[in-house]
Amino acid sequence: MRTAYRVETVRAAEAALKARLPEGALMQRAAAGLAAACCSLLGKGRVYGARVALLVGSGDNGGDALYAGARLARRGAGVTAVLLGDRAHEGGLAALRAAGGRVVDSAHDDPFEPLAAADLVLDGITGIGGQGGLRPDAVPVARAARGSDAVLVAVDLPSGVDADTGEVAGEALRADVTVTFGTYKPGLLVDPARSYTGALRLVDIGLGGELPGVADLEALQHQDVARLLPVPGAESDKYRRGVLGVVAGSARYPGAAVLAVEGALRGGAGAVRYVGPAADAVIAAHPETLVHPGPPDRAGRVQAWVVGPGLGDEPGVAEVLASDVPVLVDADGLRGLDPSLVRARSAPTVLTPHAGEAAALLGATRAEVEAGRLAAVRELAARFGATVLLKGSTTLVCGAGTEAASGAAVAGGAVRVNPTGTGWLATAGSGDVLSGLAGSLLAAGLRPVDAASCAAYLHGLAARRASAGGPVTAGEVAGALGGAWRDVTAGL
């Protein structure tokens, strides 16, 4: 599992480690890892004679770049540091000059000349403590670096992005590769900042023993999902495997019911009970489905409910929320949802909004949600006391939170960021498949956070398999879920 920590936590861990190391040792570890990454990017045998430009700010981030530049210069690269701050790390400057590197002060010299011929540019303008976008005087140089033919490598994180939130408040430098130190930072894994990081590499500098056990952000990997997915035993029957109730579809949107049921069936549900007006369409597509005219509380025993996909103005949300089993609310079920109704439930609730639906629930704009996805998912989880899966370019899952007396949101543990998916997944009906899949995992007994994050992982993986780089339909995504499941569990 990838884990990410906020700047405050990283700073404390660094301070604890520095206290046990010789002065400057931690920066040298970072510089050594950074230089090694640059050598691999330049290619075997191409470091000697390569032209490297360093964009150097005032902080330790600039020091990392300078020391890495000195290492590259000692291997025969032509290294030029472009100083963009009012000061630079003295030890790093001395090391670069001693190794034969050149220094250009942007206040007095031409900062663009070293960039025009560079093979590789190191972005050491601002570090993890940077606030807001790039300073105005750094913007032209950053644009020139981005417009060059050089490989652009960000030091720890791209300058201009927020390390804690992933927000981009102004102009930022878009990297080809980001080399980060010690641990991942939340902003590197969450859009919009994630789109600025390029390929992500982690350099181990020994922080592991100093970091707390609970991270601020988590990203599941194959082995994590494999351990969580339910596996039927020899004595399992369809009821023990989990029965999911689905309240979805309408005369206008019968396909939403079909897709939600298919997501549930392919997600391992032992049986699916469907309640709603699209029974004929559901039975035609999936004759194994158990259908009932309603209301939901008369449909038979279930271990979890999914309500909302394509529901339109059909009833069912209040009845399902009144049940004593886990409930997933999606799409039309989210319209005008009352937080007090959700918070009063004795069983867990999962909400799966996209950015527009989240904005309506929060009384915000869609742009505000997209710009601050971490804050939005935490606020929703706290306001509703529910696990929230916020769909989008970066799908986030936050456990049920609480609201402090001040009204501030208190997140329910680490937020999980989904690492799978493809832009082609932005297609009609894909969310209905995800709802059914997540609901089946709830019915199987997974914790809400695990059910939601595993469903997002498999859903994204299935989309990649079905798409193979091209357009994909929601039905094709559902059809690829079995293969995605097998991929994940192949190593067990």
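Just so it is clear, the model here is predicted, and its values are computed rather than measured.

Conventions and cut-offs
Residues numbered from 1 in each chain as written. Predicted model: local features only at pLDDT ≥ 70, side-chain atom pairs only at ≥ 80, totals over all residues. Heavy atoms only, no water. Helix = DSSP H or I, 4+ residues; strand = E, 2+ residues; numbered from the N terminus. Rg over C-alpha atoms; globule rule 2.2 N^0.38 Å. Buried < 20%, exposed > 50% of the residue type's maximum accessible area, 1.4 Å probe, protein only. Salt bridge = Lys/Arg side-chain N within 4 Å of Asp/Glu carboxyl O. Phe/Tyr/Trp six-rings, centres within 6.5 Å; stacked < 30°, edge-to-face > 60°. Lys NZ or Arg CZ within 6 Å of the ring centre and 35° of its normal. Expected span 1.5 Å × (residues − 1). Pairing = 2+ DSSP bridges. Axes fitted to C-alpha atoms, helices over the stretch in contact; angles between N-to-C directions. Contact = heavy atoms within 4.5 Å. Polar contact = N/O pair within 3.5 Å; in protein donor to acceptor, adjacent residues only side chain to side chain.

In this section: the overall build of the protein chain. Of the regular secondary structure elements, the protein chain holds 20 helices and 18 strands. In summary, the protein chain has a C-alpha radius of gyration of 26 Å against a globular reference of 23 Å for 492 residues, a match within 12%. Taking the principal axes of its C-alpha atoms as reference, the protein chain extends roughly 80 × 50 × 40 Å. Relative to its 492 residues, the protein chain shows a buried fraction of 55%.

This next bit is on the pattern of salt bridges. A complete count under the given rule lists 21 salt bridges for this structure. Across the pair Glu-171 and Arg-143 runs a salt bridge whose closest N-O atoms are separated by 2.7 Å. Residue Glu-171 is located in the loop between β6 (151–155) and β7 (177–181), and its partner Arg-143 is located in helix α6 (residues 139–147); the two are separated by 28 residues in the primary sequence. Classification of Glu-171 as partly exposed rests on a relative accessible area of 29%. Shared partners join several salt bridges into a network, and the residues in it are Glu-218, Arg-416, Arg-447 and Asp-450.

On to the packing of aromatic side chains. For any pair of aromatic rings, the description rests on two quantities: the centre-to-centre distance and the angle between the ring planes. Per the counting criterion, the structure on display carries zero aromatic pairs. Directly above the ring of Tyr-196 sits Arg-174, whose terminal nitrogen or CZ lies 4.0 Å from the centroid.

With an omega of 10°, the peptide bond running from Asp-191 to Pro-192 counts as cis. In this chain, Gly-294 is followed by Pro-295 through a cis amide linkage whose omega measures 0°. Positionally, Pro-295 belongs in the loop between β12 (290–292) and β13 (304–307). Phi at Asp-156 is positive, roughly 75°, even though this residue is not glycine. Inspection of the secondary structure assignment puts Asp-156 in the loop between β6 and β7. Of the residues examined, Asp-156 reaches a relative accessible area of 7% and is grouped as buried. For Ala-331, which is not glycine, the phi dihedral falls at a positive 50°. With respect to the helices and strands, the residue Ala-331 is situated in the loop between β14 (327–329) and α13 (339–343).

Right, let's talk about helix α3 (residues 60–74) for a bit. With 15 residues, α3 should reach 21 Å at 1.5 Å per residue; the first-to-last C-alpha distance of 21 Å fits that figure. Within α3, 12 of the 15 residues are buried, which leaves it mostly tucked inside the rest of the structure. Listed as buried for α3 are Asn-61, Gly-62, Gly-63, Asp-64, Ala-65, Leu-66, Tyr-67, Ala-68, Gly-69, Ala-70, Leu-72 and Ala-73. Phi turns positive, to about 100°, at Gly-76, one or two residues after α3.

All right, on to the sheet that holds strand β2 (residues 51–56) then. In spatial order, the strands read β4-β3-β2-β5-β6-β7-β8; together these seven strands make up an open sheet with parallel pairing. Each edge of the open sheet carries a strand with a single partner, namely β4 (102–105) and β8 (199–203). Shown here is a sheet whose adjacent strand axes are inclined to one another by a mean of 20°, direction ignored. Summarising the sheet, β2 and strand β5 (residues 120–124) pair through five bridges and their orientation is parallel. Considered in β5, the bridge of Ala-53 is made with Val-121.

With that settled, the discussion passes to the environment of Val-272. On the secondary structure map, Val-272 appears in strand β11 (residues 271–275). Its relative accessible area of 1% is what places Val-272 among the buried residues. Along the sequence, Val-272 and Pro-339 sit 67 residues apart, while their C-alpha atoms lie 28 Å from each other. In this structure Val-272 touches Leu-244, Val-246, Val-261, Ala-264, Leu-265, Thr-289 and Leu-290, once residues within four positions along its chain are discounted.

With that settled, consider the side chain of Ser-467. Along the chain, the position of Ser-467 falls in helix α18 (residues 448–467). A polar side-chain atom of Ser-467 sits 2.5 Å from the main-chain carbonyl oxygen of Gly-470. Those residues in contact with Ser-467 that sit more than four places away from it in its chain are Trp-424 and Val-472.

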